[in-house]
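Listed below, chain by chain, are the residues.
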Amino acid sequence: MTDAEWALIEPQLPLAATGPLPRRVRDQFNGILWWFRTGSSWRDVPKRYGSWSTVYSRFNSWAKAGVFQGLMDALIAEAASRGQVGLELVSVDSTIVRAHQDSAGPAVAGETLDALEQALTEEKGAPLPEQPPVLRVTRRRPRPMPTRHRRTIAPPSGDAVKLGRRRPRSADPEAD
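Reading the values: the criteria
Residues numbered from 1 in each chain as written. Predicted model: local features only at pLDDT ≥ 70, side-chain atom pairs only at ≥ 80, totals over all residues. Heavy atoms only, no water. Salt bridge = Lys/Arg side-chain N within 4 Å of Asp/Glu carboxyl O. Buried < 20%, exposed > 50% of the residue type's maximum accessible area, 1.4 Å probe, protein only. Helix = DSSP H or I, 4+ residues; strand = E, 2+ residues; numbered from the N terminus. Expected span 1.5 Å × (residues − 1). Arc of directions from axis to C-beta. Contact = heavy atoms within 4.5 Å. Axes fitted to C-alpha atoms, helices over the stretch in contact; angles between N-to-C directions. Parallel < 35°, antiparallel > 145°, perpendicular 65-115°, else oblique. Nonpolar A, V, L, I, M, F, W, Y, C, P; charged D, E, K, R; others polar. Core = buried A, V, L, I, M, F, W, Y, C linked by side-chain atoms within 4.5 Å. Phe/Tyr/Trp six-rings, centres within 6.5 Å; stacked < 30°, edge-to-face > 60°.

(A) The arrangement of the pattern of salt bridges in detail. Summed over the entire model, instances satisfying the criterion amount to 3 salt bridges. As a salt-bridge pair, Arg-24 and Asp-27 come within 3.1 Å of each other at their nearest N and O atoms. Arg-24 gets classed as partly exposed once you look at its relative accessible area, which sits at 37%. One salt bridge connects Glu-78 with Arg-82, and the closest N-O pair in it is separated by 2.9 Å. When its relative accessible area of 30% is taken as the criterion, Glu-78 is described as partly exposed. Given the relative accessible area of 48%, Arg-82 is considered partly exposed.

Next comes the structure, spelled out in structure tokens:
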């Protein structure tokens, strides 16, 4: 981070009202930026930024206190006062812009869609412009799942008895 950038950031960072002033706030802030840029674990923060646990503690306390939001607001206001605000400051991350499964509209049968188009044409009194074919959604009936049959073991008979295999004994002593 350059000295000019630090001159903009330092006044926005909180300092304790009492007690010793942190000597390495700039290094710790650079450690936080390094962590954001790399996405690695806190334990991998290089030693030049200080102890990883100190850098993490600083980040955690500032995040809970809303320091980063205040810093962003102050930097955007400073850029606006200089006339340097542009659309490149706006960022949309596609991982958080999610659409509900029904956001494309309800599934409408082809006949219903045709009736809606016809009603719209009659209400406006003008024909609809020629449009490409519309994908018609029809509901499919789910196929029944095949049933699994349990195998039953039948007592041996016929050839199995002739080959000398034993038949299972029954619980009834008179059946033998």
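(B) Structural context of helix α3 (residues 52-65). For α3, built from 14 residues, the straight-helix expectation of 20 Å at 1.5 Å per residue is met to within 8% by its first-to-last C-alpha distance of 20 Å. Taken together, the buried positions of α3 are Val-55, Phe-59 and Trp-62. Down the axis, α3 shows its buried residues gathered within 70° of arc, on one side only. Residues Lys-64 and Ala-65 are exposed on α3 and point more than 90 degrees away from its buried face. Where α3 is buried, its residues meet α2 (25-38) and α4 (67-81).

(C) Highlighting the side chain of Gln-28. With respect to the element layout, Gln-28 can be found in helix α2. For Gln-28, a relative accessible area of 8% gives the class buried. Leave out the neighbours within four places in its chain, and Gln-28 touches Tyr-49, Thr-54, Val-55 and Arg-58.

(D) Representation of the packing of α2 against α3 within the structure. Running from N to C, α2 and α3 cross one another at 85°; their axes reach a closest spacing of 9 Å. In terms of axis orientation, α2 runs roughly perpendicular to α3. Residues Val-25, Gln-28, Phe-29, Gly-31, Ile-32, Trp-35 and Phe-36 of α2 pack against Thr-54, Val-55, Arg-58, Phe-59 and Trp-62 of α3. Along the lines of polarity and charge, the residues of the contact of α2 with α3 split into 8 nonpolar, 3 polar and 1 charged.

(E) Representation of the nonpolar core. In this structure, Leu-13, Phe-29 and Trp-62 are the most contacted members of the largest nonpolar core, which totals 16 residues. Listing elements by their share of this core, those giving two or more residues are α1 (3-9), α2, α3 and α4. Element by element, the count of residues in this core is highest for α2, at 5 residues.

(F) Here's a closer look at α4. Across its 15 residues, α4 extends 21 Å between first and last C-alpha, which sits within 8% of the 21 Å expected from 1.5 Å per residue. Among all positions in α4, only Val-67, Leu-71 and Ala-79 are buried. All buried residues of α4 project into a common sector of 100° when viewed along the axis, lining one side. Structural note: α4 exposes Gln-69 and Ser-81 on the side pointing more than 90 degrees away from its buried face. Each element contacted by the buried residues of α4 is listed here: α1, α2 and α3. Looking at the residues trailing α4, positive phi occurs at Gly-83, about 75°.

(G) Representation of the packing of aromatic side chains. Throughout the structure, instances matching the rule amount to 11 aromatic pairs. Centroid distance Trp-35 to Phe-59: 5.3 Å. Interplanar angle 50°. Geometry classified as tilted. In this pair, Trp-35 sits in helix α2 while Phe-59 sits in helix α3, placing the two residues 24 residues apart along the sequence. Classification of Phe-59 by relative accessible area gives buried; the value is 15%. Where Phe-36 meets Phe-68, the ring centres are 6.5 Å apart and the plane angle is 80°; that geometry is what we call edge-to-face. Here Phe-36, found in helix α2, pairs with Phe-68, found in helix α4; they are 32 residues apart in sequence, far enough to count as distant. By the ring-pair criterion, three or more aromatic residues cluster together here, those being Trp-6, Phe-29, Trp-35, Phe-36, Trp-42, Tyr-56, Phe-59, Trp-62 and Phe-68.

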